[in-house]
There are 2 protein chains.
Amino acid sequence: MQRPLETLDPNLLKGLREHVHERLRQAIIAGQLPTGMLLNERKVAAELGVSTTPLKEALRRLELEGLVRTEPRRGIRVTFDAGQAEEMALARAALESMVARLAAARITDEALDNLRGITEGMKKATQSGAVSRLIELNEAFHDAIHAASGCHYLKRLLVGQLIYDKAARRFLLGDRDERGRALVEHLAILAALEARDEDGAERAMRDHIVRSGKQHVQTAFERR
Amino acid sequence: MQRPLETLDPNLLKGLREHVHERLRQAIIAGQLPTGMLLNERKVAAELGVSTTPLKEALRRLELEGLVRTEPRRGIRVTFDAGQAEEMALARAALESMVARLAAARITDEALDNLRGITEGMKKATQSGAVSRLIELNEAFHDAIHAASGCHYLKRLLVGQLIYDKAARRFLLGDRDERGRALVEHLAILAALEARDEDGAERAMRDHIVRSGKQHVQTAFERR
DNA sequence: TATTGCGACTTGATATATCAAGATTCATGA
DNA sequence: TCATGAATCTTGATATATCAAGTCGCAATA
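What you are looking at is a predicted structure, and each value in this text was computed from that prediction instead of being measured.

The rules behind these values
- Residues numbered from 1 in each chain as written.
- Chains lettered and ligands numbered in written order.
- Predicted model: local features only at pLDDT ≥ 70, side-chain atom pairs only at ≥ 80, totals over all residues.
- Heavy atoms only, no water.
- Near = heavy atom within 4 Å.
- Polar contact = N/O pair within 3.5 Å; in protein donor to acceptor, adjacent residues only side chain to side chain.
- Helix = DSSP H or I, 4+ residues; strand = E, 2+ residues; numbered from the N terminus.
- Nonpolar A, V, L, I, M, F, W, Y, C, P; charged D, E, K, R; others polar.
- Pairing = 2+ DSSP bridges.
- Contact = heavy atoms within 4.5 Å.
- Axes fitted to C-alpha atoms, helices over the stretch in contact; angles between N-to-C directions.
- Phe/Tyr/Trp six-rings, centres within 6.5 Å; stacked < 30°, edge-to-face > 60°.
- Buried < 20%, exposed > 50% of the residue type's maximum accessible area, 1.4 Å probe, protein only.
- Domains from an automatic or database assignment.
- Buried area = accessible area lost by both parts, 1.4 Å probe.
- Salt bridge = Lys/Arg side-chain N within 4 Å of Asp/Glu carboxyl O.
- Parallel < 35°, antiparallel > 145°, perpendicular 65-115°, else oblique.
- Left-handed = near helix turned anticlockwise from the far one by under 90°.

*Asks:* I would appreciate a short explanation of the protein's contact with DNA strand D in the present structure.
*Replies:* Looking at DNA strand D, there are 21 residues lining it, with Leu16, Ser51, Thr53 and Arg73 of chain A together with Arg42 of chain B nearest. Within 4 Å of the protein, the atoms of DNA strand D are drawn from sugar and phosphate moieties in a proportion of 62%. Within the backbone of leucine 16 of chain A, an N or O atom sits 2.7 Å from a phosphate oxygen of DNA strand D. The contact in question runs from a phosphate oxygen of DNA strand D to an N or O atom on the side chain of serine 51 of chain A, over 2.3 Å. Elements that contribute at least two residues to the surface near DNA strand D include exactly helix 1 (16-29) and helix 3 (52-64) of chain A together with helix 2 (41-48), helix 3 (52-64) and strand 3 (75-78) of chain B. Among the elements that make up the surface near DNA strand D, the one with the highest residue count is helix 3 of chain A (three residues). When the residues that make up the surface near DNA strand D are grouped by side-chain class, the tally is five nonpolar, seven polar and nine charged.

And the structure:
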């Protein structure tokens, strides 16, 4: 009996411009392309080994995400600084708390059970300091709330407001106190969802994202 | 003595892709390009009298704004429907209420005086049914709060979440009850700002945008 | 010595050409 | 008659060429 074939790597389904966008976004957020740097389309295209067309489209998207600004006939300026990162964290807090509010109104018992399982795992990983596992669980936690809200567009908007990469998350969660704070906050969010308390879920999520966002901004820009 | 020259029309400072973006966005929101329609890049470019390059860039932006979806080798699908419009209204409510919260924390006495003046004008225009004036004042009101918050990026994000055009606004504010509700809500927002009540400003703004957003979705999709 | 104008150069914006990935249609074989 | 494979066509994706709008540097003039 034939086994089903495995699905293709999702990266194979992406075009050049998505790869270019991710590569540049990552380089900006990680500080490899620092604030104020002036990029040149032809040079960046040559470095990446692509033509200017997918690069332009990627740059346009980065511009909408506030990470760069086109200065016609001068170059592309990297604008990702502490102020921009703060505003992006606020945008994310705003959107995530709206999502949490809707999730509190709409969540199923199954989804709550799933979240309980995730937070049990978080407790263990927090105590043992298993940072990679904690990152996975954190993503699963937020993904589950996104799913419960049923808001695909809000989720897509959120993706553009991320201001940290995996290295930054690992760094931040390497701190024991930070792990403790994050756990308490996730548990508060869960409690509000269990109570189907819209105001409570919104507040708990906003407080969580605003606080952890501040941490990310601080570590990203005070180690530059 | 020479008088200073007048500044140029800001539209002259925009490139083709911005004009194309605005034209398409307006056509989608007004229903001229209805939900589900399949657009073809070469045809649309020819209709607009431009090449496919600025059109592609405009389409990419519309895709990020959730109004269309590219189906490679098939066409560009218009995806702006009631569900998408609802999510955009929620996104706007989320962002506007974060802006209002920050404005409540940061607003100056001068800005409050300005808002009082605007709401005085709103009272008059509401009573007299001066819809165009009311639209102007509404924009000034929200612009003033945006300015008070100091968040340029959040303001730029907001622009992409608008789901109505001038015709829709005129239609909605043509209703006397709607004008009354909007006035009450604006006054509630002002009261919270005057009290520098962050939670109150956030709630009042969110309630305002969610409610008026529902109205816009209803009138936009139930008259199709 | 400083200012202004002009020419050359560089860069993003846009136009056009080409590629390639499906989609559609038609023909053939079972 | 239906299913499958091949050929053709259409479309978005990408590459490349060209345009034009500044920018910069240099020379001339006051």
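*Asks:* How should I be thinking about the sheet that holds strand 1 (residues 38-39) of chain B in this particular structure?
*Replies:* Strand pairing in a sheet relies on backbone hydrogen bonds, with the paired strands running either antiparallel or parallel. Residue and element names in this part refer to chain B. In space, the three strands of this open sheet follow the order 1-3-2, with antiparallel pairing throughout. Of all the strands in the sheet, just strand 1 and strand 2 (68-71) have a single pairing partner and so form its edges. Of the strand pairs in this sheet, strand 1 and strand 3 are connected by two bridges, and their pairing is antiparallel. In the strand pairing of strand 3, leucine 38 is matched with arginine 77. Where helix 3 meets the sheet, it contacts strand 2 and strand 3, and its direction lies at approximately 120 degrees from that of strand 2.

*Asks:* What's the story with the packing of aromatic side chains in this structure? I'm lost.
*Replies:* Two descriptors summarise a pair of aromatic rings, namely the distance from one centre to the other and the angle between the planes of the rings. Residue and element names in this part refer to chain A. Under the criterion given, the structure shown has two aromatic pairs over all chains. Summarising the aromatic geometry, the rings of phenylalanine 80 and phenylalanine 221 are spaced 5.4 Å apart at their centres and angled 55 degrees between planes, so their arrangement reads as tilted. With phenylalanine 80 in the loop between strand 3 (75-78) and helix 4 (82-106) and phenylalanine 221 in helix 10 (residues 198-222), this pair connects stretches of sequence that are 141 residues apart. For the pair formed by phenylalanine 80 and phenylalanine 221, the shared burial category is buried.

*Asks:* I tried to follow the domain arrangement of chain A on my own but got confused; where do I start?
*Replies:* Where interface size is quoted, it is often the accessible area lost as the parts come together. Residue and element names in this part refer to chain A. Along its sequence, chain A is carved into domain 1 (10-78) and domain 2 (82-222). Its C-alpha centre places domain 1 at a distance of 28 Å from the equivalent point of domain 2. Residue-level contacts link eight residues of domain 1 with ten residues of domain 2. Surface buried jointly by domain 1 and domain 2 totals about 560 Å² across both partners, of which 47% is contributed by carbon and sulfur atoms. Per-residue buried area on domain 1 facing domain 2 is highest for Arg25, Ile29 and Glu65; these three make up 58% of the total on that side. For the interface between domain 1 and domain 2, the tally reads zero salt bridges. For the interface between domain 1 and domain 2, the tally reads three residue pairs in polar contact (both at pLDDT 80 or more). Across the side of domain 1 that touches domain 2, the residue classes tally to three nonpolar, three polar and two charged.

*Asks:* What should I look at first to understand the packing of helix 4 of chain A against helix 6 (residues 131-149) of chain A in this one?
*Replies:* Relative placement of two packed helices is described by the angle separating their axes and the distance separating the axes. Residue and element names in this part refer to chain A. Direction vectors running N to C along helix 4 and helix 6 enclose 60 degrees, while the axes themselves pass 7 Å from each other. Relative to helix 6, the element helix 4 is oriented oblique. Considering the relative orientation of helix 4 and helix 6, their crossing is left-handed. Listed contacts from helix 6 to Arg92, Glu96, Val99, Ala100, Leu102, Ala103 and Arg106 of helix 4 are His142, Ile145, His146, Ala148 and Ser149. Of the residues contributing to the contact of helix 4 with helix 6, the split by class is six nonpolar, three polar and three charged.

*Asks:* Even after reading the chapter, I still don't get the side chain of arginine 169 of chain A, so can you show me in this structure?
*Replies:* All names here are of chain A. Structurally, arginine 169 is set in helix 8 (residues 166-173). Engagement of the side chain of arginine 169 in a polar contact is seen with the side chain of glutamate 139, the distance being 2.9 Å. When residues no more than four places from it in sequence are discounted, the contact partners of arginine 169 are Ile135, Asn138, Glu139, Tyr164 and His216.

*Asks:* I would appreciate a short explanation of the environment of leucine 67 of chain B in the present structure.
*Replies:* Residue and element names in this part refer to chain B. Turning to its location among the elements, leucine 67 is positioned in the loop between helix 3 and strand 2. Taking the relative accessible area as the measure of exposure, leucine 67 reaches 0% and is therefore buried. Leucine 67 sits 21 residues away from methionine 88 along the chain, and the two C-alpha atoms are 9.9 Å apart. Apart from residues lying up to four places away in sequence, leucine 67 is in contact with Arg25, Ile28, Leu62, Arg77, Val78, Thr79, Phe80 and Met88.

*Asks:* Would you mind showing me how to read unusual backbone geometry here?
*Replies:* The general pattern is negative phi for most residues beyond glycine and trans for most peptide bonds. Residues and elements named next belong to chain B. Although it is not a glycine, arginine 73 sits at a positive phi angle of roughly 65 degrees. Position of arginine 73 among the secondary structure elements: in the loop between strand 2 and strand 3. What makes arginine 73 exposed here is its relative accessible area of 83%. Unusually for a residue other than glycine, arginine 196 sits at a positive phi of about 50 degrees. Mapped onto the fold, arginine 196 is located in the loop between helix 9 (176-194) and helix 10 (198-222). For arginine 196, a relative accessible area of 37% corresponds to the partly exposed category.

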